[in-house]
Amino acid sequence: MKDLGVTATKKNFLSKFIYYSIATLLICVLQLSFSFLISIKGVTPDFIVLLVIWITLYEGKLVGLSSAFLVGLLYDYLSMNVLGVNALTKTIVAYIVGFFYKENEFWNILKSNKIFLISFLSIFIHHIIYYLIMINLTETNLWSMYFKYLIGGTIYTFIFTFLTFFTRIRKFW
Amino acid sequence: MQKFVYFILKFKEHFVFLGFLFISLSLILLGDINKIGGFRTLVVASIGWFQKNFFLIPNISALKSENSALRELNLNLYQKVMNARIAEIENQTLRNLLGLKQRLEYPVEVASVIGTLSIDLRNFAIIDKGKKNGLKKFMTVRNDAGLVGSIALCGDNYSLVELITNANVKVPAIDLRSGVLGVVNWDGSNRLLLRDVVKFLDIKVGDTIVTSKHSLKFVPNIPIGIVASKKEEEGELFSVIEIKPFVNFSIIEEVFVIKSVNDEEIIKLITEYEERLKELNKPPEKSQKLQPQLLMREKKKQDSLKNIEKK
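Everything numeric here is computed off the predicted structure, so don't read it as measured data.

Okay, the pairing of strand S5 (residues 159–163) of chain B next. Residue and element names in this part refer to chain B. Burial of S5 is extensive: four of the five residues sit out of reach of the surface. Pairing of strand S2 (residues 122–127) with S5, which is carried by four bridges, proceeds in the antiparallel orientation. Across the sheet, the residue bridging to Ala-125 is Val-161, located in S5. Bridge count for strand S4 (residues 147–154) against S5 is five bridges, and the pairing is antiparallel. In the strand pairing of S5, Gly-149 is matched with Leu-163. From the end of S4 to the start of S5, which pair antiparallel, there are four residues.

Turning our attention to the nonpolar core. When a protein is soluble and globular, its nonpolar side chains tend to lie buried together. In this structure, Leu-51, Val-52, Ile-53 and Val-93 of chain A are the most contacted members of the largest nonpolar core, which totals 37 residues. Of all the secondary-structure elements, those providing two or more residues to this core are helix H2 (47–59), helix H3 (61–78), helix H4 (85–98), helix H6 (114–134) and helix H7 (142–169) of chain A together with helix H2 (12–30) of chain B. Examining the composition of this core, we find that ten residues originate from one element, H2 of chain A, more than from any other. Sequence-distant contacts of Val-93 of chain A, that is, excluding residues within four places in its chain, are made with Val-49, Val-52, Ile-53, Ala-68, Ser-122 and His-126 of chain A.

Let us look at the sheet that holds strand S6 (residues 170–175) of chain B. Residues and elements named next belong to chain B. Reading around the barrel, the six strands line up as S6-S7-S8-S11-S10-S9 and close back on themselves, with antiparallel pairing between neighbours. Direction aside, neighbouring strands of the sheet carry axes that sit 40 degrees apart on average. The sheet contact formed by strand S8 (residues 192–195) and strand S11 (residues 240–245) spans three bridges and is antiparallel. Within the sheet, the bridge partner assigned to Leu-192 lies in S11 and is Ile-243.

Another point: the sheet that holds strand S3 (residues 140–142) of chain B. Residue and element names in this part refer to chain B. Spatially, S1-S2-S5-S4-S3-S12 is the arrangement adopted by the six strands of the closed barrel, whose pairing is antiparallel. With direction set aside, neighbouring strand axes in the sheet form an average angle of 45 degrees. As judged from the three bridges shared by S3 and S4, these two strands associate in the antiparallel manner. Looking at the pairing, Thr-140 lines up with Ser-150 of S4.

So, about the confidence of the model for chain B. All names here are of chain B. In this model, chain B carries an average pLDDT of 81, and 88% of its residues clear a pLDDT of 70 or more. Across chain B, S5 holds the top mean pLDDT of 91, while helix H3 (residues 37–53) sits lowest at 71. The ipTM for the predicted assembly is 0.85, set against a pTM of 0.46.

Let us now look at the packing of H2 of chain A against H7 of chain A. Residues and elements named next belong to chain A. For the pair H2 and H7, interaxial distance at closest approach is 9 Å and the crossing angle is 45 degrees. Classified by the angle between their axes, H2 and H7 sit oblique to one another. Relative to H7, H2 is oriented so that their crossing is right-handed. Between H2 and H7, the contacting residues are Phe-47, Val-49, Leu-50 and Ile-53 on the first element and Thr-157, Phe-160, Thr-161 and Thr-164 on the second.

Let us look at the interface of chain A and chain B. Taken together, the contact pairs 19 residues of chain A with 18 residues of chain B. Looking at the side of chain A that touches chain B, the elements that each hand over two or more residues are H3, H4 and H6 of chain A. Sorting elements by how many residues they give to the side of chain A that touches chain B places H4 of chain A first, with six residues. Of the residues belonging to the side of chain A that touches chain B, the class tally is 14 nonpolar, four polar and one charged.

Calculation criteria
Residues numbered from 1 in each chain as written. Chains lettered and ligands numbered in written order. Predicted model: local features only at pLDDT ≥ 70, side-chain atom pairs only at ≥ 80, totals over all residues. Buried ≥ 20, exposed ≤ 12 C-beta atoms within 10 Å, placed from the backbone. Helix = DSSP H or I, 4+ residues; strand = E, 2+ residues; numbered from the N terminus. Pairing = 2+ DSSP bridges. Core = buried A, V, L, I, M, F, W, Y, C linked by C-beta atoms within 7 Å. Contact = placed C-beta atoms within 7 Å. Axes fitted to C-alpha atoms, helices over the stretch in contact; angles between N-to-C directions. pLDDT = per-residue confidence, 0-100. Parallel < 35°, antiparallel > 145°, perpendicular 65-115°, else oblique. Left-handed = near helix turned anticlockwise from the far one by under 90°. Nonpolar A, V, L, I, M, F, W, Y, C, P; charged D, E, K, R; others polar.

See the structure below:
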């Protein structure tokens, strides 16, 4: 009976791993290839943050941290950015979201108003750190650019996060 | 050990988070940091802050080398100060021995050259200071480089400076090295010459020429120029010595008027002499007939001039 349980857990883990890997790849492709289609004055939503929030709230802090780091690293590699930037910011997001994780409470959190607070807070902190690192110092209007991407990016990503969770709660997908 | 493992397991999420942060930051630092200006600034600022606040133990070897360099510099400076003191004492002793007066420090008035003027082939500069500023005729005018000229006319607010680049201006001068006396005079063709120097006297190219104390107009020891060339022509008693002036007369902007003039009586005599010279040099009017009384008067004038010259 014990062996059967372990095998089932292993199978479950493997299926989850495959599921998340496919989701990660799809979101990376979406972010890299299609996000520019919905950009507003250069501001695009960050779908990877959305994925990290989802995994952390669903699977827990440890899995969330590991997956955030790996997803960030993969995205850095695919986007030819400096390796480690997205890994760092996404790990921080997972760490913040991890504080709100409760076992078997995923759907309850999703249905409560807490999800908005979690999403907004984590996205906002992510954008603060990300654009602080990535800001181009040669920009003439440095701070206005910074706040444009910070505020715009946060709101835009938050709208998509809200839509995703809302449609999931309503079981549209 | 068990407690330690238990501690790590208890806070494993935090340790994992710190581990990932460390790896991420290491990856960023290993990558092309120039692409991410903000991060570079953060790193530099953080390192600077840490070094300022936490690195209390200084770099001993660097301090040692700095200390030895400073000691060496200190020794050199101390030696220079000592040399200067010795020179000052020697100078004082020699002056006392020779019974020479201490060099006078004259008060000066700073003036700006506001224009230039040419009257009868004489070159003048106009300065923005006059009698109201305590200036007088015959005061010496110089700039930071050397002698410029002397005040020829003095108004309330402006003065006319007669430059030494005039053929009629003669500046008694001395060779600083050999002490040979001469007269500096402009030859009218872009050359400043040291005249009245007999061939056998010791004048060399590169010698510095300054105003001598025999001048009635100019303050002594003001640099004029350096000897540029010396020619000795056959059958001539004097050498042809060309001087390269220190002052660039084409760009004089600021000058110093030395507020020192000779005795009023001497100035009066010079003025009188110049006026009489002018009268004598006047051509006789065509209608004027020769009269013995006039001739006698002229004779008296000439005699009086001779007397002044003797004085």
